[in-house]
Structures are given as C-alpha cells and as structure tokens.
Amino acid sequence: MSTLARATRAQPVHLVVLALIAIVFVVGMTSSDRFATPLNLGNVQDQMVALAIVALAQTIVILSGGIDLSYAGLLSLLAVVFATLAGDTAGSLFLAMAVVFALGIGIGAINGAITAYVGVHPLITTLGTSTILAGCALLITRQPSGSVPLFFEDFTYGRLGILPYGMIAVIALYLLIGFVLWRTTFGTRIYAIGDNEAAAAISGLPVQRTKVAIYALSGLLCAVAAMYMTGRFGVGDPRAGVGFDLRSITPVIVGGTLLAGGKGGVLGTVLAVVLLALLANMLNFMNVSSFYQWIAEGLIIIAAVSFFAGRKGKS
Amino acid sequence: MTATATNIRVKPNRNTVRATQRRELLMLLGFLVVIWAVTTALSPRFLSPANLKDILIQAAPLGFVVIGQMIVIIVRGLDLSVASIMATVAVLSTSLIDVTPLIFAVGLLLGALIGAVNGYLVAYRNVTPFLATLATMIVLQGIRFAYTGGAPGGSLPETFRFLATGSVFGIPVALIALAVTAFAMHWLLERTIFGRRLKLFGDSPEAAFMTGAPTKLLQVMAYVISGVMAALAGLFLVGYVGIVDNWTGRGYELDSIAAAVIGGAALSGGKGSVPGVLLAALILVSLFNIVVILGLSIELQLVIKGTLIILAAAVYMKRSQS
Amino acid sequence: MAPPFLAARGLSKSFGPNEVLKGIQFEVHGGRNVALCGENGAGKSTLIKLLTGLYLPSSGHVEFEGEKADWSDPRQSLAAGIAVVHQEFSVLGALSIAENIYLGAEPCTRLGLIDRKALVRNAQALLDDLGITLNPNDLVETLSVADKQMVEIAKALRAEAKVLILDEPTAVLSQNETRHLFRIINDLRERGMGLVYVSHRLDEIFEICTDITVIKDGVVTSKGPTDDYTDDSVIAAMVGRELGDLFPPKASDPLAGEEVLQVRNLVVAPGLPPASFSVHAGEILGLAGLVGAGRTELALALFGAAPAAGDVSLDGEPMPFRDPAGCIDAGMLMLTESRKDDGLFMNSSVARNFAATTPGYGVHRAAIPPGHEESRAAVLKERRGVVVDHVGLPISALSGGNQQKVLVARLLENRPKLLILDEPTRGVDVGAKAEIYKTLRMLADEGMALLVISSELIEIVRLCDRVFVMRDGALAKELTGEDITEEAIIKVAAAETSSHHGVAA
C-alpha cells in the first residue's frame, strides 16, 4: 500500500463517491445551463461550509469510537454568544472570538471528561449537554439578535476567484486535521482508541486524557463553524444549530468511516459533503422538492451502511 | 421440617438483582415526590387535581413512546425514528380514513411495519441501530412531507378527539389506554419467556444465541413494539392537540431516550423496567409544568432536563461499578 | 549478589471476598528465565497484573532493582523497563506493524511530529534484529495469528527493557514458530535480560527456563532452579495431590452403546477435508489438538452455531438444518469454551441463568408464575452443590467453579442425549475439576454420549475413552484404549503444518 493511500486513508468506496459526484455533476449540467456556472457552484460551496466543518469534528469523534450529539445546542449557544459580544469593532470581535473558542473547547472538554472519567455513554453525555446548551442559548435570547462587525460579515461572503473564503478555510482545516491524524501521536491515538480501547490502554496510551482532547477539539471546530454561520446570518440565532447533530453524521458514514471507530478518515467525509451538497443543488434545479431529498438522504445512509456492514461479519 | 426444605427457603438479601432494581425504582419515586413537594410548597396550585390531570394527560404520549424505546434499548438498540413514526402515522392514517377504529387499526399496522423495517435492517443487515433508525427517520420525514405537499389538512372525527381528551368516570381515556398498555408490556417483559429472552439477549447476545433464543426475531419484535408504541403515541397526541401536523412528536426521540435512561435502562442492554421509565417520563413532564407554574423561564426546563440525563446516567454507572 | 530486577514481596490480592493471591514471594534476576507455573486459575495472570501496576496489591509490594515500586499504572512499569507480552493481544488491526510496535513511543522530529521514515526504519531494524520477516508498513489486521504474536513481542522489546514477561506465548504458535521464539528468548537472556515465562507446557519450561516458581491456589508452593525439578515434582506442586485421584475409572467397553451421533462428510469451512465420525452412548469422546486446530469450529458446526455442509444425525434422526434452538430441542447441548462471553448472562441473577435454556421454564410457556424461577433455582443449587447465599444474586458474584456448575446444571436439566463440552474445566479449581470429571463419567455410565474438547492433555488422556487428534481442521488420527498417551497426541497435533508465516524456518 502506498504511503499516500495510507496517509489519506483512501478506500475503494471513495472512488464510488467520486463517481457519484461526477454523475450528479453531469446530470446537473444537462438539466440546466445555470448549473455549472461559477455563480451556482459558488452557492453550492457556500452552502456546504458549515456542514463541512461540523462533519469534520464529528469524523474525529467517530474515529475514536465515540459520538458527539452536542452540536445542536453548542452551535446555537456559540452563535448567540458570538453575536452578543462581537459588537462592531475589531477589538470586540477578537474578544468575542476568544470567548467563543474558550467556550467551545471548554464544553467539549466537559463532554470528554464525563465520557472518559465517569464512564457515561457519549451518546447520553452529549445529548444531555446539547439539551442544556440549547436551553442556555434560548435563555440568552429567544429571537435572533446581536450583530457582527460589517467587515466580518463581508469577509464570510468574500471570494478568491471562484473560491469563497469559507471554502478556503474548510480546505485548510481538512488538510490540517488530516495532517494531525497522520503525523502526530495524538492522531495515532485516536485510531488506536477507536479500534480497541482496551488494547490501547494495555499499550500504555493515556486513553482518558486523549478522549478529553478529542471532544475539546470537536468543540473547537464547532466554534469556527458557529462564527462562520453567525457571520453569514449577521445575527446570532438561538436555533442556529438545530439539526446539525444528526446531519453531521451522514457525511461521515457515507464517506466510509465506521461508526464503531478506528477506520476511515477525513478524505471520505469531505467527498461525501461535496456529494450531498451537489445532489441537493441538482435536485433543486430539477424542481424536486426537498421532501424527496430527505428520502434520498435516508436511502443513501442505508446503502452506505449496508455496504460496510458486510465487513463486520456476523453478529 | 427437613433440613433441605429449610435451606430452600429463600432468605432476603439486599444485593440481589431484584432488590437492586427495587431500590432504583424507589430512588426515582423519591425524586418525583421531592420535586412535587418543593413545587407545592412554592405554589400550592401545583397539586390541584386539574393540574395533576394535565400533567398526566401530557405524559401519556411520552409514556407510550418510552416503553417502546426501553424495549429496544433492552436489546442493545436505539430507536431514533419514534418521533418520525408518530407524525407519519398520524398524517397518513387520519388522511386515509375518518372512522376512528380504522384510523387506529391502520396506524398501528403502519407503526408495526416501520418497526419491522428497522428491525430487519438491524438484525438481518447488521446496520448499527443508530444509523438504521436515523435513516428511517429521514426517509419517513420525506415521505410524509411529499404526501402532504408540506401542509397536512383534514379534520379529525369527533370520537377520535374524545379518545384523546375525553374521560370515563373522570379518568382520561388516554390514561386508561396507557395503563392497560403499560400493564400488558410489564407482564410481557417480566412474566413471559419472550420478555425474559429480550432481557437475556441484551445481557449477552452470544449466550442467548447459544441457549437457543431466536435472536434475530427478538430484535425485530423489539423494533415492532417500539413502532406500535410510537404509532399509539402519535394518534393520542394529535387527538389531544386537535391538529395533524407534519412535525407532530418532534423531540420525542430524544425525550424518550432521556426518559428511558433516567428510568434505569442502560444503553449496554439487558436492563429496564416499565414502572421505572414511566416514572421518568412523569418526572420530565412534571419539570415542564413546574417551570410554568413557578413562572420561570420556559427554557430553564431544557437546562434541568439535560442535567438530569447526565446525572442519572452517572449515578447508574457508579452504582453498577461498585 | 545484585538485587533482583523485579520481585514480589508478600504480595496479596483480594477481589471482594475472594482472596486470589496470598503473600507471594517471587524474584527475577538478570540473565535468568523464571518459569511461572500453575493451573488455570491459580493466580498467574493476577500476579502479572500486580507486577506491572495494572492492579494494586491488597498488601505487600513490588520491588524493582531493590527499590520499592509504587506503580499504579502499567505506563509507569513500562517506563521503568518492564515489558509484557499479554495473553490477549494488545495489537491494533487498524494500524500498521510499525505504528503498533511504537504505539505511544513514536519517534518524533524536532517539531514533535511523528517521523514516519524513522518509524518504519526503526521497526524494520527491530524486526530484523529478531529475525522476523514482515513488512512494517502492512496493516496488522491482515496478519496471521502467529505473526500478530511476533508483532506483540517486537512491541514489548521496542524500548530497552530490563524484564520481559511472556504470558503463554506459544499457545497460538506452530512448532516451527515456537522454535524461533525460543531462539529469541535465549538470545535475550544471554544479553542479560530477566525473563518471566508463563506456561503450563512442562517440556517448554524444562527446555528454556533456568528457574521455576509454582503457584497453586494463590500461594507459592515451590521454587528453585530448574535442575532441581522433574516433570512429576512440578506437577505435584501444581496440583497438590496425585493426579490419578482426580479421574474416575474409564468405561470397560466404550463402543458397546448405540451410535447416538453420526457425522458423515461434515465440511466446516471451504477447503477443509470432510469429517466423518460417530459418538456412542456411554462413551466420552475426546477432541485433542493445538489451539486453532479446528476443534471448537467443528463443535459449533455440529451445534448449528456456524454454517457447515454434510450429514449429521442424532439417534438416527437426520438434522439437515441445524441451529442452536433446534439442537437443544433434539437433545444435543453444548457447553461453550468461554463462559463469560457466550455462556453466562453476567448481569442476570443466578436463578435466571439456571433457567436460560429453552425448556427451562417447564410447562409455564405462557406466563411464568412469580417466584417459580427462584424456587426452582434453589432446588437446583442444592442438587448441584452451587455455593451462593441467594439465587437472586447476579451470577458475576460467583467463583469460576460455581459458575461452571450452574452452566452444567442448566445443560443437564434438558436431559441431553449428546453433550458437547468445550474446555469444561477452564478456570476451575482442582476440587471442582474432580467433581466435574466425576459428573461426566456418571453421565456416560447412565448412557449419555459425551464429546469433550480440551487443551489439557492430562484431561484428554485420563478422561476420554476414545480420542480424535485434530490438526489444520482435519481429524488427523484416532486413538483408543492404551494408545491414548500424551506423547501420541503431541506427535500428531504438533506435526509441522504447511501454513506459511513470516517467521523464517
């Protein structure tokens, strides 16, 4: 196996996803002249930035054998806090950024600590924190409120050629996390813990500390997504995160990462995010209502998972 | 009296599996009594019969769902599709027919069918319960919206409304239905071979298989029960609200998991009781009522609920470790 | 004399009411290879966990190079220089060989990043040094069991270890691979390392160990240089009494009974030769062979727990479609190898465990009366001599021997015609063993057919009336009567296999 394939965790299924992307693209082009225009493709990219970042966070957690359902509450709270503090100057913006980063990391670390040290199932832990955070966000404000400096709002809408700044950030984050997974001991530990936690512990890895770090990183990435979303909206929406908990899981699974942990990587996730965004866009051009897009998404999950279920063998 | 007979007499022991479960149940009951007492002390209005009746009626749909959710959790599963089943069943069956018994018949059948699909994916296709039911949830959502074009209409028959809001001898019909269902499910779980096998399967799927349990069938049946329970809950909920909505039951998937966990079901399987999860459902619904009665910010109940989920799970975890 | 590299000073360990180890004294010096002998369940694994800081002792302490060591975490003992090759593998399938070997100690660049080139280079050098021909870039999940074992050893030796503990390292190895491992072990000892070698294969111990320490029921019963011991004296120290007393006399004419089980051309897995044999009423048929020879797989195929092709009939009734439920109904029952994994329901009560197999609830198919389970369990508990305060307690509170009694009772309640027992005395103390042997012989005398799988040769030799030795999934040889000896079994079982591994011959 070549080093590149190992480093990117490329799998045969990624070719399937790539082929599907190509098919969707061709179908999109034939169905409308406006599909392959820079304007539309820019829109597609804008639409996938937030999900791409959150799915990246979820990928890391799932690789370690966990799951993070706290995004719904966490994104909402961070968005509200950010918009409340960001004001309209660079100074207040940086203060808000610092606070949001600290909150994201801190809340993630709490998720990790409850999971690792108390032993509560991550699904329950993060479901609990998500509920609490959603409540906190609504306690701060029931209606979208606050603001961000205009230059920050402009920045989130900015483009470099056909690449939105948000997309550049996504690419940078994926490269960075991919690099972390391949070249740092932290990355190796994520895979080791996800593959077999008991064996990782016997091997002398600090399993509990690593888990705290994993969820903290997940919270950190959420902070980035929350700031981007708030910048796009221009206000802090106390329901900004609704749905992101479950939506973040689909691309991870479709990208070939096993829910059981230990296998997969960020390459699959980013390909799946692109596929899902293009598919939604294409269906819009074909005047297929979003209702059928839901059906498609559910069937894609089942197809993807059935594809991988064979690898696990019999129960 | 022979020596053998004396030995066979079972002496009480506080560490038995049953004694442990009984203590957990008492713990829940104690907690419910405490929050009710504190609320009553702050606002006597809370303990009025009308308010209590309100709480109970509101708790009924969650009660149905959580029983099904618990049974799925007992077989090491999870059902994220319950809320979607509630809405889909309510939308489809009320729009197809307007005769109350038939609405129920079609609805329960539909719930069973969807549950069977979940069970098939989990038991026969080796799909993780989380993903199987997540996919079902999304697909059902699409089907329901596509069918209604986004805006469900249709009126509910009078008898249907009565079932959900009416009373017989002062007892709400919904509660009678829940009580009957709860007794039936409790009996099924504790007193039949099927129920014991569900729990044994959750304790150790491998050992259950080797002792001759029909493991795949057990899993499918668990999801079917959950589907039927969700269908019942959906019908009673629209009957109570009076409007059929595409988002009927929204949030019940997470609330039912929360109530199941607080009520003593463990995601690792094999553990859970009908009285336990019903008490937990009552606690969750009471919280909502308490926040309103005390004039607190309504969002506070989310914060309390989340804290409760984590605390309960942590307490059960610590107890099982010691 | 220099202080020992590693020593136990009066180590004791209790789990709840069970005292597993009592005042253990144990030393390993540099350049010595100490055999740690004892029956299954004697406390060897617990001692290793105490020595490496995975468990904390109830009293006593561990000494490292003459100093008291307060390890509360295996990482600390690892850092000090104690390397362990565990019985259960600690290698990870999702990582490459090199990543596994250096897991937690990756060579890093000055920026703190993993130096991938150095990682592969160091792993390659280590593998070369040990004479293991594997590609460090390969994923571990693609390796054979023997090669995983080699990676495990390389991983233990990645750092400068002073003491290497090997827990049953040859259990999964072929003879050739074992020879290779012995060369590595002797080489390490000559380099001055101290070794602890856990095994119950006496021939291996006498071949490579310089000292012997015997543990029985949590107490050191004997220790000294290997030269002072003979096979018999080690066994006597391990077992504590004459082995002959453990086993009841064999059947006078084992083949006199009717054929209960007939197996014709059973193919367990594609590519394996078909197996044909029968088991008679009143006989105990043994299946011997090394771990991985296919004994458990054959038993699971008979019981319908794994797919297989071929004809199986019980009492003349063909069983074309078998699953565990059908086999139990037909009268074929199986005691599985791993009690905790697929035998017991660990969180359920003793009473429920008694009743778990199908007809256990008797006539109460629809509704089980309250208290039925417990009163029935109380009777069974008396009859089978299970020691427990209350049948409502979770079965995890029982000792291994008592858990096994519950399992046997559960099987016998179904009055089987054929009983398959996979490692029936694993993790059971000697007293309980004798009782199990007595029960099995009694059942055979009453006309039951028994098929026993065991890795303990003495058990096969002294208990079974007839023996099939398995190798590479095939019934390699049948032994009867006086021909059943340890030597005869080993000669067949351990003959070199054709399978190719990364180990150089």
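Given the structure is predicted, the values throughout are model-derived calculations rather than measurements.

**Focus on the overall build of chain B**
Within chain B, the regular secondary structure consists of 14 helices and 2 strands. Over its C-alpha trace chain B gives a radius of gyration of 20 Å, about what one expects of a compact globule, namely 20 Å for 322 residues. Based on the C-alpha atoms only, the size of chain B along its principal axes is roughly 70 × 55 × 40 Å. In chain B, which comprises 322 residues, the share counted as buried stands at 52%. A separation threshold of at least 6 residues defines the contact pool for chain B, and within that pool the share at least 24 residues apart is 77%.

**Regarding the overall build of chain A**
Of regular secondary structure, chain A possesses 15 helices and 2 strands. Relative to the compact-globule value of 20 Å for 315 residues, chain A shows a C-alpha radius of gyration of 19 Å, a close match. Of all 315 residues assigned to chain A, the portion counted as buried reaches 52%. Of all intrachain contacts in chain A linking residues separated by at least 6 positions in sequence, the fraction that spans at least 24 positions is 81%.

**Thoughts on the confidence of the model for chain A**
All names here are of chain A. Considering every residue of chain A, the mean pLDDT works out to 91; 97% of them sit at 70 or more. The weakest mean pLDDT in chain A belongs to helix α15 (residues 290-312) at 78; the strongest belongs to helix α11 (residues 207-233) at 97. Across residues 311-315, where pLDDT falls below 50, the model places 3 contacts with residues more than four positions away in sequence or in other chains.

**Topic: the pairing of strand β3 (residues 33-37) of chain C**
All names here are of chain C. Within β3, 5 of the 5 residues are buried, which leaves it mostly tucked inside the rest of the structure. Bridge analysis of β3 against strand β8 (residues 194-198) gives 4 bridges, and the strand direction is parallel. Counted as the bridge partner of N33 is L195 from β8. Alignment of β3 against strand β9 (residues 211-216), held across 4 bridges, turns out to be parallel. Residue C37 lies in a different strand from β9, and its bridge partner there is V214.

**Observations concerning the interface of chain C and chain A**
At the junction of the two partners, chain C supplies 18 residues and chain A supplies 16 residues. In terms of residue count, the dominant contributor to the side of chain C that touches chain A is helix α2 (residues 74-80) of chain C (3 residues). Here the residues of the side of chain C that touches chain A sort into 10 nonpolar, 5 polar and 3 charged.

**Describing unusual backbone geometry**
Even without being a glycine, C:D315 presents a positive backbone phi close to 55 degrees. Positionally, C:D315 belongs in the loop between β14 (309-314) and β15 (317-318).

**A word on the sheet that holds strand β18 (residues 449-453) of chain C**
Strand-to-strand pairing in sheets goes through backbone hydrogen bonds, with the strands running parallel or antiparallel. Residue and element names in this part refer to chain C. Pairing within the open sheet is mixed, and its 6 strands lie in the order β16-β17-β18-β13-β19-β20. Strands at the two margins of the open sheet, each flanked by one partner only, are β16 (332-335) and β20 (474-480). With direction set aside, neighbouring strand axes in the sheet form an average angle of 20 degrees. Where strand β19 (residues 466-471) meets β20, 6 bridges bridge the pair, whose relative direction is antiparallel. Among the inter-strand pairings, V469 is bridged to a residue of β20, identified as K477. Each of β13 (284-288), β16, β17 (418-422), β18 and β19 touches helix α9 (residues 295-302); the most contacted strand, β17, lies at about 150 degrees to it. Sheet contacts for helix α17 (residues 486-493): β13, β19 and β20; angle to β19, the most-contacted strand, approximately 25 degrees.

**Re the nonpolar core**
A:L75 and A:L78 are the most contacted members of the largest nonpolar core, which totals 355 residues. It is helix α11 (residues 215-241) of chain B that contributes the most residues to this core, 17 residues altogether.

**Focus: the interface of chain B and chain A**
When the parts come together, some accessible area is lost, and that loss is often what is quoted as the size of the interface. Counting from both sides, the interface comprises 36 residues of chain B and, opposite them, 37 residues of chain A. Elements supplying a minimum of two residues to the side of chain B that touches chain A: α6 (129-148), α12 (252-262) and α14 (300-321) of chain B. No other element matches the 12 residues that α6(B) contributes to the side of chain B that touches chain A.

**Digging into the sheet that holds β15(C)**
Residues and elements named next belong to chain C. Spatially, β12-β11-β14-β15 is the arrangement adopted by the 4 strands of the open sheet, whose pairing is antiparallel. Pairing within the sheet leaves two strands with one partner each, and these edge strands are β12 (275-280) and β15. Here strand β11 (residues 259-267) runs beside β12; their pairing, made up of 5 bridges, is antiparallel. Residue pairing for β12: Q262 is matched across the bridge by S278.

**As for helix α13 (residues 274-293) of chain B**
All names here are of chain B. With 20 residues, α13 should cover 28 Å at 1.5 Å per step; its first-to-last C-alpha distance of 28 Å lies within 8% of that length. For α13, the tally of buried residues reaches 14 of 20 residues, placing the bulk of the element in the interior. Just downstream of α13, G295 is the residue with a positive phi angle, here 70 degrees.

**Some remarks on the environment of B:T20**
Of note, B:T20 is situated in helix α2 (residues 17-42). Put simply, B:T20 and B:D245 are 225 residues apart on the chain and 42 Å apart in space, counted from C-alpha to C-alpha.

**Observations regarding the pairing of β13(C)**
All names here are of chain C. Of all 5 residues in β13, 5 are buried; the element is thus mostly enclosed. Every second residue of β13 is oriented toward a common face, with I284, G286 and A288 on one face and L285 and L287 on the other, all of them buried. Relative to β18, β13 is paired through 4 bridges, and the arrangement is parallel. Among the inter-strand pairings, L287 is bridged to a residue of β18, identified as I453.

**Some remarks on the confidence of the model for chain B**
All names here are of chain B. Mean pLDDT over chain B: 89, with 95% of residues reaching 70 or higher. With pLDDT under 50 throughout, residues 1-8 is counted as low confidence; its partners more than four residues away or in other chains account for 6 contacts. We note a pTM of 0.89 for the whole complex and an ipTM of 0.87 for its interfaces.

**With respect to the environment of C:K68**
Residues and elements named next belong to chain C. Position of K68 among the secondary structure elements: in strand β5 (residues 67-69). The class of K68 is exposed, set by 9 C-beta atoms lying within 10 Å. Linking K68 and R9, residues 59 residues apart in sequence, is a C-alpha distance of 9.3 Å. Excluding residues within four positions of it along the chain, K68 makes contact with H61 and E63.

**Brief notes about the environment of A:W182**
Residue and element names in this part refer to chain A. On the secondary structure map, W182 appears in helix α8 (residues 165-183). The spacing of W182 and N281 is 99 residues in sequence and 33 Å in space, taken between C-alpha atoms. Excluding its chain neighbours within four sequence positions, the residues that come into contact with W182 are A7 and G187.

Analysis parameters
- Along each chain, numbering runs from 1 in the same order as the chain's sequence is written.
- Here every chain gets a letter starting at A, and every ligand a number starting at 1, in the order they are written.
- Local features in this predicted model are restricted to residues of pLDDT 70 or higher, and side-chain atom pairs are both shown and tallied only at a pLDDT of 80 or more, whereas totals for entire chains, interfaces and linings draw on every residue.
- Put simply, DSSP marks the helices as runs of H or I at least four residues long and the strands as runs of E at least two long, and each gets a number from the N terminus on.
- Our radius of gyration is a C-alpha quantity, and the globule rule it is checked against amounts to 2.2 Å times the number of residues to the power 0.38.
- With C-beta atoms placed from the backbone, the exposure class of a residue follows from how many other C-beta atoms lie within 10 Å of its own: 20 or more, buried; 12 or fewer, exposed; in between, partly exposed.
- For the purpose of contact definition, each residue receives a C-beta atom placed from its backbone, and two residues are in contact when these atoms lie within 7 Å.
- Looking at any residue, its pLDDT shows the predictor's confidence there, from 0 to 100.
- Two strands make a pair as long as DSSP finds a minimum of two bridges between them.
- Residues are grouped as follows: Ala, Val, Leu, Ile, Met, Phe, Trp, Tyr, Cys and Pro are nonpolar; Asp, Glu, Lys and Arg are charged; every other residue, Gly included, is polar.
- Between N-to-C directions, angles span 0 to 180 degrees; the directions come from axes that are lines fitted to C-alpha atoms, helices contributing only their stretch in contact.
- By convention the nonpolar core is taken to be a set of buried residues drawn from Ala, Val, Leu, Ile, Met, Phe, Trp, Tyr and Cys and joined through C-beta atoms within 7 Å.
- What a helix should span is 1.5 Å times the count of its residues minus one.

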